[in-house]
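Notes for the structure review
For reference, the chains in residue letters:
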Amino acid sequence: MGGRGGGRAPTGFVWPPPGAGTSTPRAAPSPYQPATAVYHNPTATTPHVGAYQHGVVYRTPAPAPYAPAPSPAVTIRAPSPTPATVRAPPQAAAPPTPTPSTATVAKELEQKLFVTETALAPPAAAAAAAVAASQPGQPASEKAPEVDLAPVSKKGLAHPARPGAGTAGKKVMIRANHFLVNVADNNLFHYDVSINPESKSRQTNREVLSELIKIHGKTSLGGKLPAYDGRKSLYTAGSLPFESEEFTVTLVDPEKKDKDRAEREYKITIRIAGRTDLYHLQQFLCGRQRDMPQETIQVLDVVLRESPSWNYVTVSRSFFSTTFGHRGDIGEGLECWRGYYQSLRPTQMGLSLNIDISATSFFKPVTVIQFVQEFLNLRDVSRPLNDRDRVKIKKALRGVRVETNHQTDQIRRYKITGLTNVPMSQLIFPVDERGTRMSVVQYFFDRYDYKLQHTNWPCLQSGSDSRPVYLPMEACKIVEGQRYSKKLNDKQVTNILRATCQRPQQREQSIREMVLHNKYAEDKFAQEFGIKVCSDLALVPARVLPPPMLRYHDSGREKTCAPSVGQWNMINKKMINGGTIDHWACLSFSRMRPEEIYRFTCDLIQMCNATGMSVCPRPVVDIRTATPNNIEHALRDVHRRTAELIAQQGKRGQLQLLVVILPEVTGSYGKIKRVCETDLGIVSQCCLPRHASRPNKQYLENVALKINVKAGGRNTVLERAFVRNGIPFVSEVPTIIFGADVTHPPPGEDSASSIAAVVASMDWPEITKYRGLVSAQPHRQEIIEDLFSVTKDPKKGTVNGGMIRELLIAFRRKTGRRPERIIFYRDGVSEGQFSHVLLHEMDALRKACASLEEGYLPPVTFVVVQKRHHTRLFPEVHGKREMTDKSGNILPGTVVDLMICHPTEFDFYLCSHAGIQGTSRPTHYHVLYDENHFTADALQSLTNNLCYTYARCTRAVSVVPPAYYAHLAAFRARYYVEGDSSDGGSTPGGGVAREGPAEVRQLPLIKENVKDVMFYC
């Protein structure tokens, strides 16, 4: 188990009695009532009227169902989405059941998660059930006709059905980069392919199959044109004339002049593996089946990827080529290639092809000498490489294919496995079986009449350690079309963004041009399988949600604020809860002059006080300066000196804030944060010298916002938080909102730990202060390991712990209430991991709750937050002022839950922020579990409103703040173990990967006073 920064709750403290918190409790907590049934009350007139009565919540009905439009005459297109599933009418109240023990929680949860519960009814049956349920005066047995519930397989977990489409907000039409796909009703056949000798290269496999089709296509394959995934699967529309057949083909390598070595024979066995039709896909898209027919979609996806796989460089789901436009130099031997992303997705409108413009980094096809020169930024290529440079080059070039240029009559290709430890001039190897040894320099001169120049540099190494092949760098050129998969530095990222950043109108045009360029109508594979792709972007109904009113302090001239197009400012406003700082200091590692530093600190403290904080105008000690190579000593010195002075003055407390001006050269931030937060217990605010030397008002305002939350204050809250039941589902009962994320080490780092972070709101009903915890866990593990833990202690016996439990205890301490509702926003989970993550993390959540109090199982809503997707939304008419923000993007608050979302499940796209540059990326929210029975409007509005409560700026942000804060906390903890190393902390070593899992390196514990505030902001 990874060590968590932050430690456990104090020994012996489990679950405090009500009122033990630091804040005044609003009311005595009502006794917990196990998971309440939800009744939709047809007589209620206002949202969420009514109190908890006998374990029942009365709520307004869901929006009235609208009739599904008739299916158009296309092959696979779902009818217009119907609001969802009718929940079965409630049964008579059951006798109270005994409270479950912790041991039974996991089993019950799994049973509940598996689909026996809320299956999706077909639209007609659902509508009938809804009508029947709303008829008053009928016995329950007559009201509920037998609904033909859609079957769900036991393979996956049932995610909640969509509770109807949302209706709040102003209706608008927008375009999405989704293209409708129609498929003819074919029988699809799947064949297993085995090739001997086996090749790991998809390209080689494709060439073998292509040769086979060329020779046997018209005869043995019955004239079929199969689609091949480059591995083991071959698909056809209609069956081949055999069940199993073996073929032999010969491939010729044009690069080898020796005929015997150039020809290679392959044996191919094709064997029937299965068949599928489109019936289940049609049923799924129409909402009559919960189980996604993944294989059918995969077949069609492979078919549409077949042609581009031949013509372009494939990277995951994207295709790249130099034919798509200018290849831009991004520095250090790399260049940027343009391309497009393509993915077939099931949506409410039917099958959709999601197409987007993409760009990524490739090695420049230059000599290795030139690459090294650019990569290390060398001016003098005659000097030897030092060990650090050699390790950098070895790491960058490992796995890269090069071709030799020292022979005029043939080109040979090699894959680099490493670099020699000694320079080429000292490298000697055996040249014959008698053991005659010769230097590489001499060998090249004798054998090829090639005089090597860069003899001070090491050789590239190919082959194995036992039989190495030495290649002089100057005799090798990097083969074109190889992606650079490791982490780019800041400058390269900036260059790639500069080269690819497009305003919405340009991006939409680029996508249109790409679709026309791909000529799907002429694609022979698409024709063979009867696939037709619409050439126009989908026109999608959307709604623009209104921004929430924000509350500021009554002492300001403006007590409330209505954001305009996703932003506002602090003019005439004061923070709703200004923090108090009596003891602060300033330490500069920059070259700024003392008078500049003094002026900056005066301006900053003045801004803090002007915006509602109470900060002592004078620092505890005079402003200190130190050199960047003396960071730790300087921090310790300031900490010691301030503690002495505070004690001498007879005051209580400690240093509450350290303002740090960073050095001009990057690389110190991580060390400063690690020492301050895990060693000394100092809350710090770092400032860049280029901003501190010329601070403008907006910069000072933003820094003041960050300082306030680090001092335990609040900047603003939603005005509805102060109204009884003002925020649906949050104001009714004490609610805790969690955010969770896992950050993984950059590509190429094969041993560093992944870091999980969980934050949780500590105030109710305001929901603005979030406490953060972090934990290290095994390399690239996505499931958060330390949500709940059980350890054996020789003295205490079984000890329960984990981040969820600690945060629940902290919430009760702060508010005097225990959470009666949990909303969990989980960032960074891909679709393939949904069920896996949900099952494990919900189980941990349940166990954490049950470990605090027997029978304590508050209802949970589990929402996955996704930013890494390729759906882009564009205004229907570009340049229309009432439809776009300043950057030309769709308006903040735009929500989409029709046409391009999941056919049956509860998900939506929300663009909560105003664009700054380029095309805004909406965030995708997918509800995986929902015991709170949110309506679409309630969850969409809550999520959008929370985006206005982010502490670090006066703008609505693009991701719901708890998920954003979890990302920041995880990112901060990465500094604790890595510092600022831009090399990713590489270690010298051979070209072999490490064996077995690396031990998880524990995080240093964050000091308690630091954890108490939003230190990660």
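Here's what I pulled together on the structure shown here. Quick caveat, the model's predicted, so the values are computed rather than measured. (Residues numbered from 1 in each chain as written. Predicted model: local features only at pLDDT ≥ 70, side-chain atom pairs only at ≥ 80, totals over all residues. Heavy atoms only, no water.)

1. Some words on the overall build of the chain
Test applied: Segments assigned H or I by DSSP are reported as helices when at least four residues long, segments assigned E as strands when at least two residues long, and all are numbered from the N terminus. Contacts are residue-level and defined by heavy atoms, with any inter-residue pair within 4.5 Å sufficient. Per-residue and other accessible areas follow the Shrake-Rupley method at a 1.4 Å probe size, with only the shown protein chains counted as cover for residues.
Scanning the chain from terminus to terminus reveals 23 helices and 44 strands. Summarising the internal contacts of the chain: among those between residues at least 6 apart in sequence, 74% fall at separations of at least 24. Carbon and sulfur atoms make up 50% of the accessible area of the chain, which amounts to about 46,200 Å² in all.

2. Digging into the sheet that holds strand β20 (residues 458-463)
For the record, the criterion: For two strands to pair, DSSP has to find at least two bridges joining them. The convention used is that axes are lines fitted to C-alpha atoms, helices contributing only their stretch in contact, and that angles between N-to-C directions extend from 0 to 180 degrees.
Spatially, 5 strands are ordered β21-β20-β17-β16-β22 in an open sheet, and the strand pairing comes out antiparallel. Two strands close off the open sheet at either side, each with one partner strand: β21 (468-471) and β22 (476-478). Taken pair by pair, the neighbouring strands of this sheet meet at an average axis angle of 50°, ignoring direction. Relative to β22, strand β16 (residues 401-404) runs antiparallel, the two sharing 3 bridges. Looking across to β22, one finds that Glu 403 is bridged to Lys 477. Sitting on the sheet, helix α8 (residues 368-375) is in contact with β16, β20 and β22, with an inclination near 60° to β22. Of the strands in this sheet, β17 (413-423), β20 and β22 are in contact with helix α9 (residues 387-397), which crosses β17 at around 170°.

3. Notes on the packing of aromatic side chains
Threshold: The aromatic pairing rule takes the rings of Phe, Tyr and Trp, using the six-membered ring of Trp, and pairs them if the centres are within 6.5 Å, calling planes under 30 degrees apart stacked, those over 60 edge-to-face and the rest tilted. Partly exposed describes any residue whose relative accessible area lies between the buried limit of under 20% and the exposed limit of over 50%, with all areas from a 1.4 Å probe on protein chains only and scaled to the type maximum.
This structure, assessed with the given rule, holds 29 aromatic pairs. Ring plane angle 55° and centroid distance 5.2 Å describe the contact between Tyr 770 and Tyr 965, whose orientation is recorded as tilted. Residue Tyr 770 is found in strand β36 (residues 770-777), and its partner Tyr 965 is found in helix α22 (residues 961-978); the two are separated by 195 residues along the sequence. You'll find Tyr 770 and Tyr 965 in the same group, each marked buried. For the ring pair Phe 824 and Phe 862, a centre distance of 5.1 Å and an interplane angle of 10° mean the geometry is stacked. Here the residue Phe 824 occupies a position in strand β39 (residues 821-827), and Phe 862 occupies one in strand β40 (residues 860-866), the gap between them amounting to 38 residues. Neither Phe 824 nor Phe 862 differs from the other in exposure class; each is buried.

4. Topic: the sheet that holds strand β33 (residues 717-718)
The strand order across the open sheet built from 3 strands is β26-β25-β33, with neighbouring strands paired in antiparallel fashion. In this open sheet, the two strands that pair with only one neighbour each are β26 (560-561) and β33. Strand direction decides the pairing type here: strand β25 (residues 550-551) and β33, joined by 2 bridges, are antiparallel. Its bridge partner lying in β33, Leu 550 is registered against Leu 718.

5. Observations regarding the packing of helix α19 (residues 803-815) against helix α20 (residues 834-852)
Definition in use: For classification, angles of less than 35 degrees are called roughly parallel, those exceeding 145 degrees roughly antiparallel, those between 65 and 115 degrees roughly perpendicular, and all remaining angles oblique. If you view the pair so one helix is near and one far, a crossing is left-handed when the near helix is turned anticlockwise from the far one by less than a right angle, and right-handed when it is turned clockwise.
Running from amino to carboxyl end, α19 crosses α20 at an angle of 50°, the nearest separation of the two axes being 9 Å. Here α19 lies oblique to α20, going by the angle between them. In terms of crossing hand, the pair formed by α19 and α20 is right-handed. Contact residues: α19 offers Ile 804, Arg 805, Leu 808 and Ile 809, while α20 offers Leu 845, Ala 848, Cys 849, Ser 851 and Leu 852.

6. What to know about the nonpolar core
Which entries qualify depends on this criterion: Only buried residues count toward a nonpolar core. Its members are Ala, Val, Leu, Ile, Met, Phe, Trp, Tyr and Cys residues joined through side-chain atoms within 4.5 Å.
Ranked by internal contacts, the top residues of the largest apolar core, which has 126 residues, are Phe 600, Phe 738, Tyr 825, Phe 862, Tyr 925, Tyr 965 and Tyr 1016. Dropping the residues within four chain positions of it, Phe 862 is found in contact with Phe 824, Arg 826, Val 837, Leu 838, Glu 841, Met 842, His 926, Val 927, Leu 928 and Tyr 929. Listed in part, the 37 residues of the second largest apolar core include Leu 300, Phe 324, Met 514 and Tyr 520.

7. Let's talk about the side chain of Arg 818
Formally: Think of a polar contact as two N or O atoms within 3.5 Å of one another; within protein, one of them needs to be a possible hydrogen donor and the other a possible acceptor, and neighboring residues in sequence only count if both atoms come from side chains.
Here Arg 818 shows up in the loop between α19 and β39. Of the polar contacts made by the side chain of Arg 818, one reaches the side chain of Glu 820; its length is 3.0 Å. At 2.5 Å, the side chain of Arg 818 and the side chain of Glu 853 are in polar contact.

8. Describing helix α10 (residues 440-448)
Condition: Directions from the helix axis toward the C-beta atoms define the arc.
Among the residues making up α10, those that are buried are Val 440, Tyr 443 and Phe 444. One side of α10 carries all its buried residues, which in axial view fall inside an arc of 95°. Looking at the packing, one finds that the buried side of α10 touches β18 (428-430), β19 (437-439), β20 and β21. The positive-phi residue at the C-terminal boundary of α10 is Asp 449, with phi of around 55°.

9. Section: the pattern of salt bridges
Inclusion rule: The term salt bridge refers to a side-chain nitrogen of Lys or Arg lying within 4 Å of a carboxyl oxygen of Asp or Glu.
Under the definition given, this model contains 39 salt bridges. One salt bridge connects Arg 162 with Asp 907, and the closest N-O pair in it is separated by 2.6 Å. Pair noted here: Arg 162 is in the loop between α3 (140-143) and β4 (170-176) and Asp 907 is in strand β43 (residues 907-911), with a separation of 745 residues, a long-range link. The pair Arg 162 / Asp 907 is uniform in exposure class, with both members buried. A salt bridge links Glu 1008 to Lys 1011, with the shortest nitrogen-to-oxygen separation between them at 3.6 Å.

10. Brief notes about helix α18 (residues 697-710)
Cut-off, in case you're wondering: Every helix has an expected span of 1.5 Å times one less than the residues it contains.
Helix length check: α18, at 14 residues, gives a terminal C-alpha distance of 20 Å against a target of 20 Å (1.5 Å per residue), a fit within 8%. Within α18, the full set of buried residues consists of Tyr 699, Leu 700, Glu 701, Val 703, Ala 704, Leu 705, Lys 706, Ile 707, Asn 708, Val 709 and Lys 710. Of the surrounding elements, those touching the buried residues of α18 are β27 (580-581), α14 (594-610), β31 (657-661), α16 (669-680), β32 (684-687) and α17 (689-692). Sitting at the amino-terminal end of α18 is Asn 696, which places a side-chain oxygen 3.2 Å from the backbone nitrogen of Gln 698. A positive phi of about 90° marks Gly 712, the residue just after α18.

11. Some thoughts on unusual backbone geometry
Asn 196 connects to Pro 197 through a cis peptide bond whose omega is 0°. When you line up the elements, Pro 197 lands in the loop between β6 (188-196) and α4 (202-216). With omega at 15°, the peptide bond leading from Trp 764 into Pro 765 counts as cis. On the secondary structure map, Pro 765 appears in the loop between β35 (754-761) and β36. Phi at Glu 332 is positive, roughly 60°, even though this residue is not glycine. Relative to the helices and strands, Glu 332 is located in the loop between β13 (328-331) and β14 (334-347). Judged by its relative accessible area of 31%, Glu 332 is partly exposed.

12. Some details on the environment of Asn 421
One can find Asn 421 in strand β17. Take Asn 421: its relative accessible area is 60%, and that puts it in the exposed class. Residues Asn 421 and Trp 457 lie 36 residues apart in sequence; the distance between their C-alpha atoms is 9.8 Å. Within the local environment of Asn 421, its side chain forms a polar contact with the side chain of Arg 390, the two groups lying 3.3 Å apart.

13. A look at the environment of Pro 546
By the element assignment, Pro 546 lies in the loop between β24 (538-544) and β25. For Pro 546 and Gly 893, which are 347 residues apart along the polypeptide, the C-alpha to C-alpha distance reads 6.7 Å. Not counting residues within four places of it along the chain, the set of residues in contact with Pro 546 comprises Gly 169, Asn 944 and Asn 945.

14. A look at the pairing of β31
So the rule is basically this: For the handedness criterion, the strands are oriented away from the viewer, and a crossover whose path from the first strand over the helix to the second runs clockwise is classed as right-handed.
For β31, a buried count of 5 out of 5 residues is recorded, marking the element as mostly surrounded by other parts of the structure. Side-chain alternation along β31 places Leu 657, Val 659 and Ile 661 on one buried face and Leu 658 and Val 660 on a second face that is also buried. Note that strand β28 (residues 584-588) and β31 share 5 bridges and pair parallel. Considered in β31, the bridge of Trp 584 is made with Leu 657. Following the backbone out of β31, through α16 and into the adjacent parallel β32, one traces a crossover that is right-handed.

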